[in-house]
Amino acid sequence: MTDGVPAQPPPARDFDGLYKTLLERHPRDALRLLCGARLGGREVVLDGPTELPRQRSLQRDKVFLVRHHDTRPADVYHVEVQVQRTDDFQERMVAYWAGLALKYRRTDHRIHQVVIWPLGGGLPGSFHRDRVRLDYPAVNVPDDLDADALLGGPLAPLALWSRKPPPDLVDRVADRIAATADVEEKIVQIEVGMLVGGSLAAEILDALQRRGMSDILEQTESGREIARRNRERGITEGHVDSMRVLLRARFGDFDDLDDLARQLAGGDHADSIARIVAGATLDDLRLIG
């Protein structure tokens, strides 16, 4: 981790899916904090189409349609979540824009595109080729978002990537998750927070456990993985303890007792026990594994 931000995305974790779920649950917060939209409270926010006509394999991450209570044109917000740079990304943004332009008439709608780079290091929001030019905001989460603003609402887990976090970051994120009433929402927030990985994710888990949320953690992918590791660790430590007792009974105390017990427990546990009972010497046992 560098300056509180992982250098690479954790493997096999779904940034796109979890971000989209979080945005779907909190469209107004997403529009305000991520897209810079100014919402007065009377607008109607609707889900827009993500699938491009005649290009079903090419889908936008999230589209919001904001209808105002007055005569202003509706605002169409296309939000794309991108973890890593790809060669064709800017061209895809043009295709996404063109699909929206075909669907929404210019007299009645304004199209806004925003790219969210969860880990930072994103491409600039500008495409220029021949006579075609498309500009859009590119938001690098670690650098461009205000941690305090995020911590004030349901997008609080995104503050974990901030390069300038407040000193009480972990507690404030955990407090926000603990204060969330909906169980499914808690799970989504926890899973998003776990994407940060490393020691920061461990601190979040510890903070949530201190707040009595072990039952919720058990329902998350991260919590189930931790429980599995703890079970494996418990079995391993039990083998080490029994091996230590057996070695001490056979040879008494010796300098590398703990190291040898752990070495033998990490291999074929049953075979090591059989060798000790059969009269193997310490030198023989030290050669195992």
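Just so we're clear, the structure is a prediction, and the values are computed from it rather than from any experiment.

### Points about the nonpolar core
Part 1 of the argument: The biggest cluster of nonpolar side chains holds 52 residues, and the ones touching the most others in it are Leu 34, Ile 116, Leu 158, Leu 160, Trp 161, Ile 190 and Leu 208.
Part 2 of the argument: Per element, the largest residue contribution to this core is six residues, and it comes from helix 8 (residues 198-210).
Part 3 of the argument: Excluding residues that lie within four positions of it along the chain, Leu 208 makes contacts with Ala 174, Ile 177, Ile 190, Met 213 and Leu 217.
Part 4 of the argument: Counting 14 residues, the second largest nonpolar core, distinct from the first, contains Leu 247, Phe 254, Leu 260 and Ile 276.

### Here's the deal with the packing of helix 1 (residues 15-25) against helix 7 (residues 183-194)
Part 1 of the argument: Running from N to C, helix 1 and helix 7 cross one another at 140 degrees; their axes reach a closest spacing of 10 Å. Between helix 1 and helix 7, the interaxial angle falls into the category oblique. Note on packing geometry: the crossing formed by helix 1 with helix 7 is left-handed. Contacts between helix 1 and helix 7 pair Leu 18, Thr 21, Leu 22 and Arg 25 from the former with Glu 184, Glu 185, Val 188, Gln 189, Glu 191 and Val 192 from the latter.
Part 2 of the argument: Among the residues making up the contact of helix 1 with helix 7, the classes are represented as four nonpolar, two polar and four charged.

### A closer look at the pattern of salt bridges
Opposite charge on two side chains permits pairing when their charged atoms draw close.
Part 1 of the argument: Here the structure, examined in full by the defined rule, presents 25 salt bridges.
Part 2 of the argument: In this structure, Arg 25 engages Asp 182 in a salt bridge whose closest nitrogen and oxygen atoms are separated by 3.6 Å. Taken as a pair, Arg 25 in helix 1 and Asp 182 in the loop between helix 6 (169-179) and helix 7 lie far apart in primary sequence, 157 residues in all.
Part 3 of the argument: Classification of Asp 182 as partly exposed rests on a relative accessible area of 40%.
Part 4 of the argument: Close ionic contact of Arg 172 with Asp 148 constitutes a salt bridge, the shortest N to O distance being 2.9 Å. In this pair, Arg 172 is assigned in helix 6 and Asp 148 in helix 5 (residues 147-151), connecting sequence segments 24 residues apart.
Part 5 of the argument: On the accessibility criterion, Asp 148 (43% relative accessible area) is partly exposed.
Part 6 of the argument: A single salt-bridge network, built from bridges that share partners, covers Asp 171, Asp 175, Asp 206, Arg 210 and Arg 211.

### Regarding the sheet that holds strand 4 (residues 62-67)
Part 1 of the argument: The five strands are arranged 1-4-5-6-9 in an open sheet whose pairing can be described as mixed. The open sheet has two free edges, formed respectively by strand 1 (44-47) and strand 9 (138-140), since each of these has just one partner strand. Direction aside, neighbouring strands of the sheet carry axes that sit 25 degrees apart on average.
Part 2 of the argument: Relative to strand 9, strand 6 (residues 109-117) is paired through three bridges, and the arrangement is parallel. From the neighbouring strand, Ile 116 faces strand 9, where its bridge partner is Val 139.

### Quick notes on unusual backbone geometry
Part 1 of the argument: In this model, Asp 130 sits at a positive phi of 55 degrees, which is unusual for a non-glycine residue.
Part 2 of the argument: Here Asp 130 shows up in the loop between strand 7 (126-129) and strand 8 (132-135).

### A look at the packing of helix 6 against helix 7
Part 1 of the argument: Contact pair helix 6 / helix 7: the axes reach a minimum separation of 9 Å and the direction vectors enclose 160 degrees. With respect to helix 7, the element helix 6 is oriented roughly antiparallel. Counted together, Arg 176, Ile 177, Ala 178 and Ala 179 of helix 6 and Lys 186, Gln 189 and Ile 190 of helix 7 form the full contact between these two elements.

### What about the side chain of Arg 244?
Part 1 of the argument: In this structure, Arg 244 sits in helix 10 (residues 221-251).
Part 2 of the argument: Take Arg 244: its relative accessible area is 18%, and that puts it in the buried class.
Part 3 of the argument: There is a polar contact of 2.7 Å between the side chain of Arg 244 and the side chain of Asp 258.
Part 4 of the argument: Setting aside chain neighbours within four positions, we find Arg 244 in contact with Leu 257, Asp 258 and Ala 261.

About the cut-offs
- For every chain, the first residue of its written sequence is number 1, and the numbers climb from 1 along that sequence.
- The model is predicted, so local features are restricted to residues of pLDDT at least 70 and side-chain atom pairs to those at 80 or more, both for listing and for counting; the totals for chains, interfaces and linings are taken over all residues.
- Hydrogens and water molecules were not included; the side-chain quantities draw on all heavy atoms of the structure.
- The definition of a nonpolar core used throughout is a set of buried Ala, Val, Leu, Ile, Met, Phe, Trp, Tyr and Cys residues joined through side-chain atoms within 4.5 Å.
- Only protein chains enter the accessibility calculation, which uses a 1.4 Å probe. A residue is then buried if its area is under 20% of the maximum for its type, exposed if over 50%, and partly exposed in between.
- A run of H or I in DSSP becomes a helix once it reaches four residues, and a run of E becomes a strand once it reaches two; helices and strands are each numbered from the N terminus.
- In this analysis, two residues are considered to be in contact whenever any of their non-hydrogen atoms come within 4.5 Å of each other.
- Axis definition: a line fitted to C-alpha atoms, over the contacting stretch in the case of helices. Angles run 0 to 180 degrees between N-to-C directions.
- Working rule for angles: under 35 degrees goes down as roughly parallel, over 145 as roughly antiparallel, 65 to 115 as roughly perpendicular, anything else as oblique.
- When the near helix sits turned anticlockwise from the far one by under a right angle, the crossing is termed left-handed; a clockwise turn instead gives a right-handed crossing.
- Lys, Arg, Asp and Glu make up the charged group, whereas Ala, Val, Leu, Ile, Met, Phe, Trp, Tyr, Cys and Pro make up the nonpolar group; the residues left over, Gly among them, are polar.
- Criterion for a salt bridge: a side-chain nitrogen of Lys or Arg within 4 Å of a carboxyl oxygen of Asp or Glu.
- Strand pairing follows a simple DSSP-based rule, namely that at least 2 bridges must link the two strands.
- In protein, a polar contact means a hydrogen-donor-capable atom and an acceptor-capable atom, both N or O and within 3.5 Å, with residues adjacent in sequence counting only if both atoms are side-chain atoms; elsewhere, any N or O pair within 3.5 Å suffices.

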